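A look at the structure
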Amino acid sequence: MATPTPDTIEYYKKEKLSDIDYEPPAGGWMDTPVNFRPGSWIYPGKAKHLQYLDLPNPREWVVTEKDWKLQENWKEIVLKGMSERLSKYRSFKLFMDICVRCGACADKCHFFIGGGDPKNMPVLRAELLRSIYRNDFTAIGRVLGKIVGARELTEDVIKEWFYYFFQCTECRRCSVFCPYGIDTAEITMMGRELLGLLGLYVNWVIEPVANCFRTGNHLGIQPHGLKDTLEFFADDIENATGVKVKIPINKKGAEILFVTPSGDFLADPGTFTCMGYMVLFNELDLDFTWSTYASEGGNFGLFTSHEMIKRLNAKIYAEAKRLGVKWILGGECGHMWRVMHQYMDTMNGPADFLQVPKSPITGTVFDNARSTKMVHIVEFTADLIKHGKLKLDPKRNDHIRVTLHDSCNPARALGMLEEPRYILKNVCRNFYEMPENTIREQTFCCGGGAGLGTDENMEMRLRGGLPRGNAVRYVQEKYGVNQLAAMCAIDRATLTTVCNYWAPGVLVTGIHELVANAMVLNGEKERTINLRQEEIPRAESGSAEKGGAADVR
Amino acid sequence: MNALIPLIAVIVLFLVGWLGTDQAGLYVLFGAAIPYIAIVVFFCGLVYRVVRWAASPVPFRIPTTCGQQKSLDWIRPNPVDNPYTLFGVLVRMALEILFFRSLLRNTKTELKSGPRVVYSSNIWLWLGAMAFHWSFLVILIRHMRFFTEPVPFFVTFLHQADGFFQVGVPIFYATSFILLAALSYLLLRRLFSPQLRYISLVNDYFPLFLLIGIGLSGFWLRYITKTDIVAVKELALGLVSFTPTFPESVSPLFYGHLFLVCTLFIYFPFSKLMHMAGVFLSPTRNLANNNRMVRHINPWNYPVKVHTYEEYEDDFREKMKKAGIVVEKE
Ligand code: HEM
Ligand code: SF4
Ligand code: SF4
């Protein structure tokens, strides 16, 4: 047997990884240099992607080498960048000024809980940047220097930023607990923008960004490839249900443009969620279209810079306009919804060429989306179920005992808490909640968001995944939970690893996978296999009455 | 080290105020000039800082939502923790400012073997913070009786309510004790929690020692030396009416107390104490989560380089045609 490498979970012994020391090391944090150990950092962005996106300082460089090949005047660039951002973002300026270091946020970050590295306490993560702010932008810091927490900007500081701003998943959990709402994610975003000015990106983020810019989606799926993929899904759907679903692509004049994260096209179990959407739309005979140009709902620009968010996001409204749709429907994704909800309209709106979304099935007007004109699919589906428009047979999901992972952004940037629960409870009869400090607005990140979900970062992913994994194992042991539902494409990819490690035996699913499996379709054949092409376990003799589908509603 | 320097600094400051008057006789300096300067610096500094913050726009609406959103009619929204109206925002802010709502959520995270992560409610910081801030406010208002004649009713009222538990003469104020107890707690947790000690700077210990210094010296004046209150009031009224006088019977220790207070006022605008004003401006708390309902305007929104559909089609036209996907330009 080959010895496991740091990018696999086998490399990490559970006893060792969970032997966590919360005691900070001796000596001040400013004197503790970064240790780039394998498994805890991410490969640099390749020059070709930076070039394609017109980003500064494209070159090949190596994280573990001393020379990061920064520009001659790198320091000036960073300080100028800071000054510019301080005057453009009140959030940044305020958060630099008002933290009292009360420590309320300290043990709220999953990376600190799972790793114990004090620089992963949100407050200290912010201090990495704040110390430079004090030194170069405040009078007291300039005069008194280190004793008031100021320090000079050096290349080592840049390395520290790179390490720790890519150990923050921008999940905003810390912000919930801070008495001033200081959002370390916002500070991380600024930190990453500053690193970007020096051409310091991670490839796991910047390659998807470049792909998305060119092909319309992070994975670089070209138009014909997308069509193939969807057709392949349709075959699987037909195999499972006997129903052949329609696949409208780039259809002008459709009523609805549907946008989902491209993760749903490629990797299991996201693909099953994608099939779920297809089954649903087909059953409703919805007048919608896929787009090959706007084929990405997610937006890794969010992990790059505000400008990049806008550059990638622009195609959503542009495509809606080109196709002449009335409104936009969005799939199950986390960070995508932070962008759609908090940034899109401001950046690329107003969407005055669209109409206030109205469900063609129930007539419900989505007044909460009256300006942005974009509805989340769980809002759409919850409304369908409430109005009795779906024939559901939740018994088909009886072998599933499900819990819900609230994805960070839907929870803390929208507050989409009840909609997914309502759906889940209607499509699966065994729904259990994880402990209350780990769900809803207090939900824990999967540990792989914001561009950290790559295998070379495995140690940090497992550490960051500990609080979530632990909560999953708790309901696994207590209620026999065997599936974790998540409405986020990154979750579906990364939580699979987290569960394999911390709660083996629990599978990850999307909400619409369970919806579609429970849906009784027009003209379906006897449903013996599910969308995963697996045998549906027969109901045990205990749950007797042989439910015709209709009477379960 | 980070704690020692501020401790010494506060002691020195007290001695400067005390000996500066008692020994050097600089009554005008410590009894009038510095207090005036302190007030001016405080107000100008405060305004300056707030204006500087306000000068940076809020380009995006980024509330942190802590409850159910307003969406479908039949799902009950949480209008306070996830406000979608101005009124909701006002309630949210009032709860934050008056009752430290977010701090009340505080939990303690522990790792048990297994590994098992357990969370328990932890309201001690909240209690300590509430006790300190509220008693500080009450004491501040109580001090108004020195500066006003006649004394406004609410000051008298507070003064009586606070002294409710009368134990001998002079009246003992509950807040004197609460303030010192709360500050001691805040200081001790900084010193004894390893993580807090790790993040604490001189800037964190200094205000605590300063406030403790103010509290202790005030306590001393009131309960131990029993300084001549009438004389202090004469001095205070003199300051207010711009005709400073320095009655003989005011204890020189008083000038130590006063000098610490002046230091606090001068230090305030340049320090983390500005959280008092900043908390009102925090964009994750003071904005409504009505993002999809009402468009937020970014004053510096600028055009960016995008990859247009036309460019995209140029890149992939042949492949699209071959796959039977409609194109704009044949
Ligand atoms: C609107 C007014 C204010 C609000 C809402 C407020 C709120 C808070 C909160 C929530 C904390 C964190 C908890 C803690 O560490 O105690 C805090 C800390 C602190 N506040 Fe305030 N505050 C206000 C005004 C003031 C004023 C006027 C002062 C002082 C003169 C002050 C002094 C402090 C100090 C020294 C700390 C740090 C305590 C420590 O080191 O642990 N605050 N404040
Ligand atoms: S909770 Fe807020 S104020 Fe307290 S240390 Fe963290 S960021 Fe600073
Ligand atoms: S945003 Fe999330 S990952 Fe980042 S510091 Fe806060 S809790 Fe940690």
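Residues numbered from 1 in each chain as written. Chains lettered and ligands numbered in written order. Predicted model: local features only at pLDDT ≥ 70, side-chain atom pairs only at ≥ 80, totals over all residues. Heavy atoms only, no water.

**Side note on the domain arrangement of chain A**
Residues and elements named next belong to chain A. Split by domain assignment, chain A resolves into domain 1 (16-201), domain 2 (215-386) and domain 3 (394-552). Averaged C-alpha coordinates put domain 1 and domain 2 at centres separated by 34 Å. Of the roughly 940 Å² buried at the junction of domain 1 and domain 2 (both faces included), carbon and sulfur atoms supply 51%. Connecting domain 1 to domain 2 are 0 salt bridges. On inspection of domain 1 and its partner domain 2, the count reaches 4 residue pairs in polar contact (both at pLDDT 80 or more). Among the residues making up the side of domain 1 that touches domain 2, the classes are represented as 6 nonpolar, no polar and 7 charged. (Domains from an automatic or database assignment. Buried area = accessible area lost by both parts, 1.4 Å probe. Salt bridge = Lys/Arg side-chain N within 4 Å of Asp/Glu carboxyl O. Polar contact = N/O pair within 3.5 Å; in protein donor to acceptor, adjacent residues only side chain to side chain. Nonpolar A, V, L, I, M, F, W, Y, C, P; charged D, E, K, R; others polar.)

**Side note on the sheet that holds strand E5 (residues 402-405) of chain A**
All names here are of chain A. Taken together, 3 strands build an open sheet; the order of strands is E5-E6-E7 and the sheet is parallel. Two strands bound the open sheet, and with one partner strand each, they are E5 and strand E7 (507-509). On average, each strand axis in the sheet is inclined to that of its neighbour by 30°, with strand direction left out of account. Note that E5 and strand E6 (residues 483-486) share 4 bridges and pair parallel. Residue pairing across strands places Thr403 opposite Leu484, the latter belonging to E6. (Pairing = 2+ DSSP bridges. Helix = DSSP H or I, 4+ residues; strand = E, 2+ residues; numbered from the N terminus. Axes fitted to C-alpha atoms, helices over the stretch in contact; angles between N-to-C directions.)

**Observations concerning the packing of helix H2 (residues 27-55) of chain B against helix H12 (residues 252-267) of chain B**
Residue and element names in this part refer to chain B. Contact geometry of H2 with H12 gives a least axis separation of 8 Å together with a crossing angle of 20°. In terms of orientation, H2 and H12 fall into the roughly parallel class. Of the two elements, H2 crosses H12, and the hand of that crossing is left-handed. The segment H2 lies against H12, with Tyr27, Phe30, Gly31, Ile34, Pro35, Ala38, Ile39, Val41 and Phe42 engaging Tyr255, Leu258, Phe259, Cys262, Phe265 and Ile266. The class makeup of the residues in the contact of H2 with H12 is 14 nonpolar, 1 polar and no charged. (Parallel < 35°, antiparallel > 145°, perpendicular 65-115°, else oblique. Left-handed = near helix turned anticlockwise from the far one by under 90°. Contact = heavy atoms within 4.5 Å.)

**Section: the packing of aromatic side chains**
The way to describe two aromatic rings as a pair is by their centre distance and the angle between their planes. Applying the stated rule across the entire model yields 53 aromatic pairs over all chains. With a centroid separation of 5.3 Å and an interplanar angle of 80°, the aromatic rings of A:Trp68 and A:Phe162 are classed as edge-to-face. On the criterion of sequence distance, the pair formed by A:Trp68 in the loop between helix H2 (47-52) and helix H3 (74-88) and A:Phe162 in helix H8 (residues 155-165) is long-range, its members being 94 residues apart. By relative accessible area, which is 1% here, A:Trp68 ends up buried. Residues B:Tyr36 and B:Phe242 carry aromatic rings whose centres are separated by 5.5 Å and whose planes lie at 20° to one another, so their mutual orientation is stacked. With B:Tyr36 in helix H2 and B:Phe242 in the loop between helix H11 (229-240) and H12, this residue pair connects regions lying 206 residues apart in the sequence. Here the basic side chain of A:Lys108 rests over the ring of A:Phe177, its NZ or CZ set 5.2 Å away from the ring centre. Positioned above the aromatic ring of A:Phe213 is the side chain of A:Arg311, whose terminal nitrogen or guanidinium carbon lies 4.7 Å from the ring centre. (Phe/Tyr/Trp six-rings, centres within 6.5 Å; stacked < 30°, edge-to-face > 60°. Buried < 20%, exposed > 50% of the residue type's maximum accessible area, 1.4 Å probe, protein only. Lys NZ or Arg CZ within 6 Å of the ring centre and 35° of its normal.)

**Focus on helix H16 (residues 335-348) of chain A**
Residue A:Gln342 marks the point of greatest curvature in H16(A), where the axis turns by about 45°. The element H16(A) is extensively covered by neighbouring structure, given that 14 of its 14 residues are classed as buried. (Bend = angle between axes of the 7 residues up to and from the residue.)

**A short note on the site of ligand 3**
Taken together, A:Cys109, A:His110, A:Pro122, A:Arg125, A:Cys168, A:Thr169, A:Glu170, A:Cys171, A:Arg172, A:Cys174, A:Thr184 and A:Ala185 make up the full set of residues near ligand 3. Taken together, the residues of the shell around ligand 3 break down into 6 nonpolar, 3 polar and 3 charged. (Near = heavy atom within 4 Å.)

**A short note on the layout of surface pockets**
Quantified by volume, the second largest pocket comes out at close to 860 Å³. The wall of the second largest pocket is formed by 37 residues, among which A:Thr138, A:Ala139, A:Ile140, B:Arg49 and B:Phe270 lie closest to the centre. At the level of secondary structure, the elements contributing two or more residues to the lining of the second largest pocket comprise H3, helix H4 (90-98), helix H6 (122-137) and helix H7 (139-144) of chain A together with helix H1 (4-22), H2 and helix H10 (202-224) of chain B. For the lining of the second largest pocket, the leading source of residues is H2(B), giving 6 residues. Here the residues of the lining of the second largest pocket sort into 21 nonpolar, 8 polar and 8 charged. (1 Å grid on protein atoms, 1.4 Å probe; cavity = no way out; pocket = protein on both sides within 12 Å on 5 of 7 lines; lining within 4 Å. Points joined across faces, edges and corners; volume = space filled by probe spheres on them.)

**Overview of the interface of chain B and chain A**
Each side of the interface is counted separately: chain B has 92 residues, and chain A has 118 residues. Taken over both partners, the interface formed by chain B and chain A buries close to 9,000 Å², and the fraction arising from carbon and sulfur atoms is 58%. Taken together, the links from chain B to chain A amount to 7 salt bridges. A:Asp345 is paired through a salt bridge with B:Arg295; the nearest N and O atoms lie 3.6 Å apart. One can count 72 residue pairs in polar contact (both at pLDDT 80 or more) joining chain B with chain A. With 6 residues, helix H14 (residues 309-322) of chain B is the largest single contributor of residues to the side of chain B that touches chain A. Looking at the side of chain B that touches chain A residue by residue, the class counts come to 46 nonpolar, 27 polar and 19 charged.

**A few points about the site of ligand 2**
Residue and element names in this part refer to chain A. Around ligand 2 sit Cys99, Val100, Arg101, Cys102, Gly103, Ala104, Cys105, Val123, Cys178, Pro179, Tyr180 and Ile182, and that is every residue in its neighbourhood. Most atoms of ligand 2, that is more than half of them, are within 2 Å of grid points of the second largest cavity. Counted by class, the shell around ligand 2 contains 10 nonpolar, 1 polar and 1 charged residues. (Sits in = over half its atoms within 2 Å of the grid points.)

**A few points about empty space enclosed by the protein**
Residue and element names in this part refer to chain A. According to the stated counting rule, one finds 10 cavities of 30 Å³ or more in the structure shown. Reported here for the largest cavity is a volume of approximately 160 Å³. For the lining of the largest cavity, the secondary structure elements donating two or more residues are helix H18 (408-414) and helix H22 (489-502). Residue classes in the lining of the largest cavity are distributed as 10 nonpolar, 6 polar and 2 charged. The space that makes up the second largest cavity amounts to roughly 130 Å³. Cys99, Cys105, Val123, Cys178 and Ile182 are, among the 16 residues lining the second largest cavity, the residues nearest its centre. Residue classes in the lining of the second largest cavity are distributed as 12 nonpolar, 2 polar and 2 charged.

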